[in-house]
Structures are given as C-alpha cells and as structure tokens.
Amino acid sequence: MGYLTDTLRALATTMRNVFRAPVTVEFPKVIRPRAVRYRASFALPDDEYGEVACIGCLACERICPSRVIKMRMTGKRESPVSGKKRNYVDEFVLDLSACIQCELCIQVCNSDAITMVREPELPSFEREDLVLDLDKLRANAHDKTASWGRGTILQEMQEPPKVAKPPKKPPATATAALEKEPA
Ligand code: SF4
Ligand code: SF4
C-alpha cells in the first residue's frame with residue numbers, strides 16, 4: 001500500500017513540474033541581465049597612443065595562483081607612435097579555462113594594462129578556444145565592456161587609512177622658560 005502511495009505522490013510531483021514554466025534559459029541565445037559587478041573575461045587595453053598598454057613587467061604572471069598567464073617580451077624599443085622608448089609585450093596568453101577569477105592579476109597592475117570585462121566568452125567544446133592570446137585580449141578591450149575594477153582603483157581601496165599625526169611638542173627651551181615664569 002505504502003509503495004502505491006509513494007508512486008502516486010511521485011507521479012503528482014512529476015505532473016506538477018511538467019507544466020511549470022522553465023527556470024533556466026538557453027545560454028548564449030538568451031543572456032540574463034548581469035549584476036553591475038559581474039566580470040567574466042579579460043582584456044588588454046590600449047594606452048593613450050593606441051598601443052598595447054602592457055609593458056610585460058611580469059607582475060600579473062608571477063602573482064597568478066593558477067599559473068595561467070604566460071608572456072614574452074623583447075625588451076625596450078622606440079614607439080613608432082610616440083617616439084618614446086618603452087617595453088612591449090610581444091606574446092601574452094591567458095588560459096581562461098583554468099582561471100579561478102581571483103582578480104589578483106588586475107590588482108597588481110599599476111598601469112591598468114589588464115582589465116576584466118563583463119561579457120563572457122562563448123561556451124566551447126574545445127578547451128583551446130578559451131585560451132586568450134594577445135589579439136583576442138586586445139579585441140576584447142575594443143568590443144567588450146570593461147568592469148569597474150581596475151588595478152589603480154583596487155589598490156587605492158586597499159590602502160590603510162592615514163593616521164593623523166600627533167601635534168608637535170614645543171621646543172625644550174620654550175617649555176623651560178614657561179616653567180620659570182612666576183605665577
Ligand atoms: S598586464 Fe600589467 S602587470 Fe601584467 S605584465 Fe602587463 S603591465 Fe605588467
Ligand atoms: S583572475 Fe586570478 S587565476 Fe585568473 S588569470 Fe588573474 S590571477 Fe590568474
């Protein structure tokens with residue numbers, strides 16, 4: 001008897017859910033509104049001269065806990081746009097498939113040369129498609145919306161509050177003169 005009741009209860013649950021509106025959407029055909037601070041992928045923006053801002057300082061590669069950033073630079077050379085000597089990154093690879101989205105790479109970049117973007121990469125059956133190279137990262141900077149969090153902003157937020165200095169003591173001679181004065 002108990003078996004029959006359980007079967008009927010399970011059947012009722014099934015029937016209730018068959019006619020319920022789905023709670024999932026078919027991503028990426030349908031994209032739900034994202035939270036303001038949502039960030040999903042990466043970009044390497046340009047500097048004020050339209051060149052890649054990254055100077056290949058290795059700070060982001062070194063801090064990445066998942067070791068998914070790799071880069072190669074060839075040292076200083078003259079910029080064809082500004083005429084100034086600067087370092088260039090010639091290869092930059094970020095393997096998004098193993099990134100844990102900790103954002104440490106963004107936080108250490110003093111020149112805001114790497115940012116996160118709000119639009120995710122398209123889902124893929126191949127892990128290789130989620131490896132972002134220099135071209136893809138630069139294209140993301142033009143085509144996608146940068147997240148609010150940049151290195152300089154995040155560093156400023158983490159700075160300890162400045163402690164007010166105690167008032168200066170008067171010089172010893174002035175204190176002694178005051179003490180000698182008759183009441
Ligand atoms: S993105 Fe920033 S931290 Fe990373 S190598 Fe380039 S300049 Fe350095
Ligand atoms: S978000 Fe974290 S894990 Fe992902 S690339 Fe940056 S430092 Fe590495």
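Here, every reference points to the structure presented above.
Below or above, wherever it landed, is the structure these notes cover. (Residues numbered from 1 in each chain as written. Chains lettered and ligands numbered in written order. Predicted model: local features only at pLDDT ≥ 70, side-chain atom pairs only at ≥ 80, totals over all residues.)

Turning next to the overall build of the protein chain. When helices and strands are counted, the protein chain shows 6 helices and 5 strands. Relative to the compact-globule value of 16 Å for 183 residues, the protein chain shows a C-alpha radius of gyration of 29 Å, a clear excess of over 25%. Within the protein chain, the fraction of its 183 residues that count as buried is 16%. Of all intrachain contacts in the protein chain linking residues separated by at least 6 positions in sequence, the fraction that spans at least 24 positions is 76%. (Helix = DSSP H or I, 4+ residues; strand = E, 2+ residues; numbered from the N terminus. Rg over C-alpha atoms; globule rule 2.2 N^0.38 Å. Buried ≥ 20, exposed ≤ 12 C-beta atoms within 10 Å, placed from the backbone. Contact = placed C-beta atoms within 7 Å.)

Let us now look at the site of ligand 2. Neighbouring ligand 2 are 14 residues, the closest being Cys64, Ser66, Cys99, Cys102 and Cys105. When the residues that make up the shell around ligand 2 are grouped by side-chain class, the tally is 11 nonpolar, 2 polar and 1 charged. (Near = placed C-beta within 6 Å. Nonpolar A, V, L, I, M, F, W, Y, C, P; charged D, E, K, R; others polar.)

Moving on: unusual backbone geometry. Here the amide bond leading from Phe27 into Pro28 is cis, since omega sits at 5°, within 30 degrees of zero. Here Pro28 shows up in the loop between α1 (2-18) and β1 (41-43). Located in the positive-phi region is Leu58, a residue other than glycine, with phi close to 75°. Along the polypeptide, Leu58 turns up in the loop between β1 and α2 (59-63). Look at Leu58 and you get partly exposed, because 13 C-beta atoms sit within 10 Å. Although it is not a glycine, Glu103 sits at a positive phi angle of roughly 75°. In this structure, Glu103 sits in the loop between β3 (85-95) and α3 (104-108).

Next up on the list: the pairing of β3. For strand β2 (residues 69-78) and β3, the ladder comprises 8 bridges, and the chain directions are antiparallel. Residue pairing across strands places Arg72 opposite Glu91, the latter belonging to β3. Here β2 folds back onto β3, and the loop between the two strands holds 6 residues, one of which, Gly83, carries a positive phi near 80°. Where β3 meets strand β5 (residues 131-132), 2 bridges bridge the pair, whose relative direction is antiparallel. (Pairing = 2+ DSSP bridges.)

On to the sheet that holds β2, then. Spatial ordering of the open sheet is given by β2-β3-β5, a layout of 3 strands whose pairing is antiparallel. Where the open sheet ends on each side, the last strands, each with one partner, are β2 and β5. Along the sheet, helix α4 (residues 134-143) makes contact with β3 and β5, crossing β3 at roughly 100°. (Axes fitted to C-alpha atoms, helices over the stretch in contact; angles between N-to-C directions.)

Turning next to α4. Inspection of α4 places Lys136, Leu137 and Asn140 among the buried residues, and these make up the whole buried set. What you see down the axis of α4 is that its buried residues fit within an arc of 100°, all on one side. Turned more than 90 degrees off the buried face of α4, the exposed positions are Asp135 and His142. Among the structural elements, β1, β3, β4 (115-117) and β5 are those in contact with the buried residues of α4. (Arc of directions from axis to C-beta.)

With that settled, the discussion passes to the environment of Val81. Its place among the elements puts Val81 in the loop between β2 and β3. For Val81, a count of 11 C-beta atoms within 10 Å puts it in the exposed group. On a C-alpha basis, the gap between Val81 and Gly50 in space is 8.3 Å, while along the polypeptide they are 31 residues apart.

Attention shifts here to the site of ligand 1. Taken together, 13 residues sit near ligand 1, with Cys54, Cys57, Cys60, Cys109 and Ile114 positioned nearest. Class assignment of the residues belonging to the shell around ligand 1 gives a composition of 11 nonpolar, 2 polar and no charged.

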